[in-house]
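# Structural overview
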Amino acid sequence: MSQADRISEALAAAPVVPLVDSGDAEEAVATGRALLDGGLAVLEVVLRRPGALEAVRAMAERRAEIEQETGLRLILGAGTVLTLDQARAARDAGAEFIVSPGLVEEIAAWCMDEGLPVFPGTATAGEVQRAYAMGLRTVKFFPAALAGGVPMLSALSSVFGAMRFMPTGGISAANLHEYLALPRVIACGGSWLTPAERIAAGDWAAVTRLADEARDIARTARG
């Protein structure tokens, strides 16, 4: 099974991708463990802080430990990838997929050549069309709420019937079901699952509860 197929299989079971925003390796590992305890196994570590790449590396190196403790297979990605050098560094650190806020053809083409799943950000029909022309069939929709939300995604889906979307930005437990009700949405990403104040307090049980709640919402939305 290819890595893309493994991601699709995991997202079919739980179509929510939590964002892990940490520059501390131990904190990132603990966050990942809490999210997997809540049933969410596809995680995106965003490269927004110094030390974020080391957080990716630590999670990858301790994969067996995390998986043994939680009973789920961790699928680890790197997000907010802005340059090709970052994409290469993230892959070398152990990232299994790449997410970027926009469509940079240099990054997308390299990932495709390397067989590394990539989800570039799109917000307009023109950007989705460019991604389609490159051979991509799944893209991030960002920033989802500001870019038109569910109505915009419905319109894009009607035109680009072969594309799947991963909306991120402005999604929460309150509107998750609306996005997941759209057939062309493969999953939703979001940071509401990893609130900074709960992470700082080491309240991993709260993170697990949020993950579990999101999984329940997803099950209801998907039937």
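The notes below deal with the structure included here. Being a predicted model, the structure only gives us computed values, none of them experimental.

Calculation rules
- Residues numbered from 1 in each chain as written.
- Predicted model: local features only at pLDDT ≥ 70, side-chain atom pairs only at ≥ 80, totals over all residues.
- Heavy atoms only, no water.
- Core = buried A, V, L, I, M, F, W, Y, C linked by side-chain atoms within 4.5 Å.
- Buried < 20%, exposed > 50% of the residue type's maximum accessible area, 1.4 Å probe, protein only.
- Helix = DSSP H or I, 4+ residues; strand = E, 2+ residues; numbered from the N terminus.
- Contact = heavy atoms within 4.5 Å.
- Phe/Tyr/Trp six-rings, centres within 6.5 Å; stacked < 30°, edge-to-face > 60°.
- Lys NZ or Arg CZ within 6 Å of the ring centre and 35° of its normal.
- Pairing = 2+ DSSP bridges.
- Right-handed = clockwise from strand over helix to strand, strands pointing away.

## Considering the nonpolar core
Core analysis: the biggest nonpolar cluster contains 65 residues, and Val 16, Ile 98 and Leu 176 have the highest contact counts within it. Here the element with the most residues in this core is helix 3 (residues 52-61); it accounts for 6 residues. When sequence neighbours within four positions are dropped, the list of residues in contact with Leu 176 reads Val 16, Ile 171, Cys 188, Trp 192, Ala 214 and Ile 217. Residues Leu 11, Phe 97, Phe 119 and Ile 186 belong to the second largest nonpolar core, which totals 11 residues.

## Digging into the packing of aromatic side chains
Counted under the stated rule, the structure contains 1 aromatic pair. Ring geometry for Phe 97 and Phe 119: centres 5.9 Å apart, planes at 70°, overall edge-to-face. Separated by 22 residues along the polypeptide, Phe 97 in strand 4 (residues 97-100) and Phe 119 in strand 5 (residues 118-122) bring together distant segments of the chain. In terms of burial, Phe 97 and Phe 119 fall into one category: buried. The lysine or arginine in question, Arg 137, covers the ring of Tyr 132, its NZ or CZ lying 3.8 Å from the ring centre. Here the guanidinium or amino end of Lys 140 rests over the ring plane of Phe 142, the centre of that ring lying 4.5 Å away.

## Here we look at the pairing of strand 5
The side chains of a regular strand alternate, residue by residue, between the two faces of the sheet. Taken across its 5 residues, strand 5 has 5 buried, putting it largely inside the fold. Here strand 4 pairs with strand 5 via 3 bridges, running parallel. Paired with Val 99 across the two strands is Phe 119, which belongs to strand 5. For the crossover that starts at strand 4, traverses helix 6 (residues 105-114) and ends in the parallel strand 5, the hand is right-handed.

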